[in-house]
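Spelled out from the first residue to the last, the chains are:
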There are 2 protein chains.
Amino acid sequence: MPTLRIALAQVNSTVGDISGNAAAIRRWSRAAAEAGAHLVAFPEMMLTGYPIEDLVFRNSFIEASRRGLATLAADLAADGLGELPVVVGYVDADGPAAISSDAVPGSGRRDASALLFRGEVAATYFKHHLPNYGVFDEDRYFEPGHDLTVVRLGGVDVALTVCEDVWQAGGPFTTARQAGVGLVVNINASPYELNKDDLRLPLVQRRAVEAGAAVAYVNAVGGQDELVFDGDSIIVGADGSLLARGSQFVEELLVHDLELPAAADDDPAPLPGIIRSFIPKNMDKNPETQGAGIAERLSDEQEVWQALVLGLRDYVNKNRFPSVIFGLSGGIDSAVVAAIAVDALGPERVFAVSLPSGYSSEHSKDDAADLAKRTGLNYRVEPIQPMVDGFLANMTLTGLAAENLQARVRGVILMALSNQEGHLVLTTGNKSELAVGYSTLYGDSVGGYNPIKDVPKTMVWQLARWRNTQGEPPIPENSITKPPSAELRPDQKDSDSLPDYEVLDPIIKGYVDHDLGRDELIAAGNDPALVDRVLRLVDIAEYKRRQAAPGTKISGKAFGRDRRLPITNKFREGNAFSPL
Amino acid sequence: MPTLRIALAQVNSTVGDISGNAAAIRRWSRAAAEAGAHLVAFPEMMLTGYPIEDLVFRNSFIEASRRGLATLAADLAADGLGELPVVVGYVDADGPAAISSDAVPGSGRRDASALLFRGEVAATYFKHHLPNYGVFDEDRYFEPGHDLTVVRLGGVDVALTVCEDVWQAGGPFTTARQAGVGLVVNINASPYELNKDDLRLPLVQRRAVEAGAAVAYVNAVGGQDELVFDGDSIIVGADGSLLARGSQFVEELLVHDLELPAAADDDPAPLPGIIRSFIPKNMDKNPETQGAGIAERLSDEQEVWQALVLGLRDYVNKNRFPSVIFGLSGGIDSAVVAAIAVDALGPERVFAVSLPSGYSSEHSKDDAADLAKRTGLNYRVEPIQPMVDGFLANMTLTGLAAENLQARVRGVILMALSNQEGHLVLTTGNKSELAVGYSTLYGDSVGGYNPIKDVPKTMVWQLARWRNTQGEPPIPENSITKPPSAELRPDQKDSDSLPDYEVLDPIIKGYVDHDLGRDELIAAGNDPALVDRVLRLVDIAEYKRRQAAPGTKISGKAFGRDRRLPITNKFREGNAFSPL
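Below: a short report on this structure. The model shown is predicted, which means the values in this text are computed figures rather than measured ones.

This part is about the packing of helix α9 (residues 385-392) of chain A against helix α9 (residues 385-394) of chain B. Contact pair α9 of chain A / α9 of chain B: the axes reach a minimum separation of 8 Å and the direction vectors enclose 165°. In terms of orientation, α9 of chain A lies roughly antiparallel with respect to α9 of chain B. Seen from above, α9 of chain A lies across α9 of chain B with right-handed handedness. The residues of α9 of chain B that touch α9 of chain A, namely those facing Pro386, Met387, Gly390 and Phe391 of chain A, are Met387, Gly390, Phe391 and Asn394 of chain B. Across the contact of α9 of chain A with α9 of chain B, the residue classes break down as 5 nonpolar, 3 polar and no charged.

Given below as structure tokens:
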């Protein structure tokens, strides 16, 4: 059996940065060549970044992708890497005519994989299965491919596939069995969700058995707006056995030797739906066997923390912000955001502001200062009372209007510091608060990014406790243990207006993440009156969420593009014409 | 030839208000019966409202729709309307098993049309063509139907279709020809875009010729978040001749007599893909012929104005706001919003606040007061300087930070008045400003709804001039003619930082609405340096738009769900790897 040394480049790319992404491909290809690889594979849409969303409708973007691909092929050859087959994702279209502005959206545009060799595009494959659920809108953007591309590389037949193809039975992996390939390369941009890695491995194993071939699954790493790609690349044998597995959240090159069956037939009979290419690749066996190893799995807390750190770091750096700023209240949410920000950017790029009012407790101010000292971030105090009094002297505000005023003055101060000093403002509302609308629009919700947007309050505490076990504890114990409070009126506690988060979070998870109705939530053991109250709160807060900052997705259903609800919506669970 | 008196109920429904929508169906069905109709048709998803978006993933919602439909059928019979066939849109699913939470999203869920008769659901049809472009995500939500439903009503065969079916050739209208039907009923929730009515008529005419049958096209009326449904219902003969046409933006019942061919065969042979029902409907000819007439077309300005008025009115009323509030600067944008709001809600529900700063000109204050006097809206003055000074006394802010502070203090005041008094805050940025980011985030962008979000600045002026010709002019002439200014520093003008709107708007239209690239925009005659500058401004303002208030869509591509771009995006037209 021939031995193919494959390199999976589990790396980061940036949407729209075609020249930067091409430079990364050249850099990692050189590393693969130096490691003696016979083939290197990069993630889905590596050249353009993923997801490119409506950029796909611009012909200029499609042309830039195609031109970038041709240039990359030539540059690789000029780099002396022409003999290394390079599999890379990009966006293509069927032809200039098919992508005129008048064409039906999606028509003719392709989520494509190319194999580059000797300065040329030697083969292309168009993704068959287009996900159109959750955060994905690929039916909006692409036309599905129908043919399988099989490349004979030296003596081994290798099939190309893309991402969602691996999630569907009976697709190109079945065709790959008909074609008798030895290896299926599956390139991905698969966003992180908690425990998604537990789904990926059995999936890749099933497809390997379906294809009767080894499968090499390479995933992107990095943050793109609300998504984080977590790597977790996988190589399995034709029998489904796990051979190699990458880490999560870090760039790496997995180099692994695969013994693969030689292609049976020198001149295979043409089969419908299969396009063959022949690459005269020298497949000399390397003297020493190379195994990529199997990376250890992370704990849930590690996984989520690393996702949040990477999501924030890439949002800040890819958008070229020098630094971040946020209000540090002494409470748990802003404390966790501070720790994430320091882990992501280093303390010197993190600016925290204590914004005490007349209702702020001494312990709040102390806890904020304590965190600043522990982490070394930049810290200052801006009391809000003079500005609040300026409004109250000129307007008659009571109750909620007066409470919200304090949050909004804080928002104005943070935005003023952002404008004056150039920081990105972070907002620090957790998923539980976003769900029930426990926030002030244009107040504490102010900010360009929210690192914990998709983290329920109970998980915020869990993450804080876990992070404090990793080296020096950044978060003051008091911030973790004290009862949460917005401190917008004397002695206010979250528990004045909300149930305990241990009770609230499971209802939110059922209603938001799993689309359960009132009956199902009650059948699951939740208190009926509480269910009614929480569901109503979630329903009427939709208008706030529509204007919320983006933030890192870590769950199966995040607020944002993952969950699309009307604002104007009179459906209330438990009313007439909803289930009894 | 039998004469069928058809009634098209071009009416308003509310998302999620199943009992309220059912009540409307009963009310309009009674009117149809009183007019002697043999058949009444309601819009797509009339029972549930449209679009229901991710509500479709909740089984409780699907069940509420099905239960609501069965109850409606029984109630119609109890009302004495059992003998009137009622065609109504609703959401259905293939069965409880098919819509478990574990199922692939969209699987088994249907955008459905039912024919109700004698207290029962006598026939159903599932939409074949699911739009998944622009604002539509129907591949996310629904499974397409494949069968055509043909109902023999008295002696006439009537086929049921839904919305997008009429936009596609070779679909159910071709099957309808095979089935030899006399009439195709097409129920719609087709959102307004400027001049879309000019597309609809030839489209319906083409389908009639394709089917060889009369077509009755009924569209919804009303606002739902960013969409406005404009009615414009149409009846054409089998030869494509226009027989009747409804108004735009108003609820009405079009009652029209159609002479239709009798069904040829008493016992038609079964054909694949065609499901037949037989309704023993008495089709006595009414003694006097009824024609619905052809409503006159509106001018572009009338069309847009009515869309904006209806969009705002329905957002306010369906979300049960007592009133609206906004900053009235004396400039053209807030003046036009004020006039729209007064037309939508009456002056007593409209609250405008003059928020002068030290930089506000006398004419601004005078123009705002003048508008208040002309329209009779509620008006007050809240000078912002004391609050601005409160911040400046405690923070060192210069340049843009100081300018934005003024806009943000205005935002805080408006939100405080909203919290204190219960008004919905309107924001008044036009499409040109949104495109180039000429606004202050959490400042003048504060608000729950933006009536002119999709109106380019040049069209704002055009609308103002037109509205002033309709009865007493609400808008001061000075607000229309003076050069636009944000008045955030002494003698500031928009033209200090932006090109003239007459030059800017066509570039925005090309880039945003038509996805043209740099080369195409220059080839269209725009100045290259200006194109580069505008495109860059549009690109870097994406983060502001992501947090913008919803607002009424009037163009082919509105900001919001219609245009989905990444925030993190390094693609710059004209750079390397974009067209030369």
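Right, let's talk about helix α6 (residues 300-318) of chain B for a bit. Helix length check: α6 of chain B (19 residues) gives 27 Å between terminal C-alpha atoms against 27 Å at 1.5 Å per residue, within 8%. Phi for Arg320 of chain B, located one or two positions after α6 of chain B, is positive at around 60°.

What follows concerns the pairing of strand β6 (residues 148-153) of chain B. Residues and elements named next belong to chain B. Counting buried positions along β6 yields 6 of 6 residues, so the element is predominantly enclosed. Burial along β6 is two-sided: Leu148, Val150 and Arg152 facing one way and Thr149, Val151 and Leu153 facing the other are all buried. The sheet contact formed by β6 and strand β15 (residues 274-279) spans 6 bridges and is parallel. In the strand pairing of β15, Val150 is matched with Arg276. With 5 bridges connecting them, β6 and strand β7 (residues 156-162) associate as antiparallel partners. Counterpart to Val150 in the pairing with β7 is Ala159. Where β6 folds back onto β7 in an antiparallel hairpin, the turn is made up of 2 residues, including Gly154, whose phi is positive at roughly 60°.

All right, on to the relation of the copies chain A and chain B then. Of the transformation superimposing chain A on chain B, the axial component is 0.0 Å and the angular component is 180°, with the fit at an RMSD of 0.0 Å. Here the two chains are linked by the operation of a two-fold rotation axis. Taking the C-alpha atom as reference, chain A places Gln547 of chain A closest to the rotation axis, 2.1 Å from it. Interface overlap between copies: 100% of the residues of chain A at the interface are likewise at the interface in chain B, consistent with a symmetric, same-surface contact.

Residues and elements named next belong to chain A. Using the criterion set out here, one finds 86 salt bridges over all chains in the structure. Between Arg66 and Asp92 there is a salt bridge, and its shortest N-O distance comes to 2.9 Å. With Arg66 in helix α2 (residues 59-78) and Asp92 in strand β3 (residues 86-93), this pair connects stretches of sequence that are 26 residues apart. The exposure class of Asp92 is buried, given its relative accessible area of 12%. When salt bridges with common partners are traced through the structure, they connect Asp197, Arg200, Asp230, Asp232, Arg245 and Arg297 into a single cluster.

All names here are of chain B. A full pass over the atoms with the stated rule returns 20 aromatic pairs over all chains. Judged by centre distance (5.2 Å) and plane angle (65°), the ring pair of Tyr192 and Phe249 falls under edge-to-face. One end of the pair, Tyr192, is in the loop between β8 (183-188) and α5 (196-211); the other, Phe249, is in the loop between β13 (242-245) and β14 (252-259), with 57 residues separating them in the sequence. With respect to class, Tyr192 is no different from Phe249; both count as buried.

Before going further, it helps to spend a moment on the interface of chain A and chain B. At the junction of the two partners, chain A supplies 93 residues and chain B supplies 93 residues. Approximately 8200 Å² of surface area, both sides summed, lies buried where chain A meets chain B, with 57% of it carried by carbon and sulfur atoms. Linking chain A with chain B are 6 salt bridges. Taken together, chain A and chain B are joined by 36 residue pairs in polar contact (both at pLDDT 80 or more). Looking at the side of chain A that touches chain B, the elements with two or more residues in it are α1 (18-34), α2, α3 (138-141), α6 (300-318), α9, α10 (399-421) and α18 (542-546) of chain A. At 13 residues, the largest contribution of residues to the side of chain A that touches chain B is made by α10 of chain A. The residue inventory of the side of chain A that touches chain B, partitioned by class, reads 41 nonpolar, 27 polar and 25 charged.

Before going further, it helps to examine the sheet that holds strand β19 (residues 424-425) of chain B. All names here are of chain B. One open sheet accounts for 4 strands, arranged β18-β17-β16-β19; its pairing is parallel. Edge positions in the open sheet fall to β18 (378-381) and β19, since each of these has one partner strand only. The sheet contact formed by strand β16 (residues 324-327) and β19 spans 2 bridges and is parallel. When the bridges of β19 are listed, Val324 appears paired with Leu424. Against the sheet, helix α7 (residues 332-345) touches β16 and β17 (350-354), its axis set at about 170° to β16.

Here is what the cut-offs are and how they apply
Residues numbered from 1 in each chain as written. Chains lettered and ligands numbered in written order. Predicted model: local features only at pLDDT ≥ 70, side-chain atom pairs only at ≥ 80, totals over all residues. Heavy atoms only, no water. Axes fitted to C-alpha atoms, helices over the stretch in contact; angles between N-to-C directions. Helix = DSSP H or I, 4+ residues; strand = E, 2+ residues; numbered from the N terminus. Parallel < 35°, antiparallel > 145°, perpendicular 65-115°, else oblique. Left-handed = near helix turned anticlockwise from the far one by under 90°. Contact = heavy atoms within 4.5 Å. Nonpolar A, V, L, I, M, F, W, Y, C, P; charged D, E, K, R; others polar. Expected span 1.5 Å × (residues − 1). Buried < 20%, exposed > 50% of the residue type's maximum accessible area, 1.4 Å probe, protein only. Pairing = 2+ DSSP bridges. Least-squares fit on C-alpha atoms with pLDDT ≥ 70 in both. Salt bridge = Lys/Arg side-chain N within 4 Å of Asp/Glu carboxyl O. Phe/Tyr/Trp six-rings, centres within 6.5 Å; stacked < 30°, edge-to-face > 60°. Buried area = accessible area lost by both parts, 1.4 Å probe. Polar contact = N/O pair within 3.5 Å; in protein donor to acceptor, adjacent residues only side chain to side chain.

Structural measurements only, silent on function.
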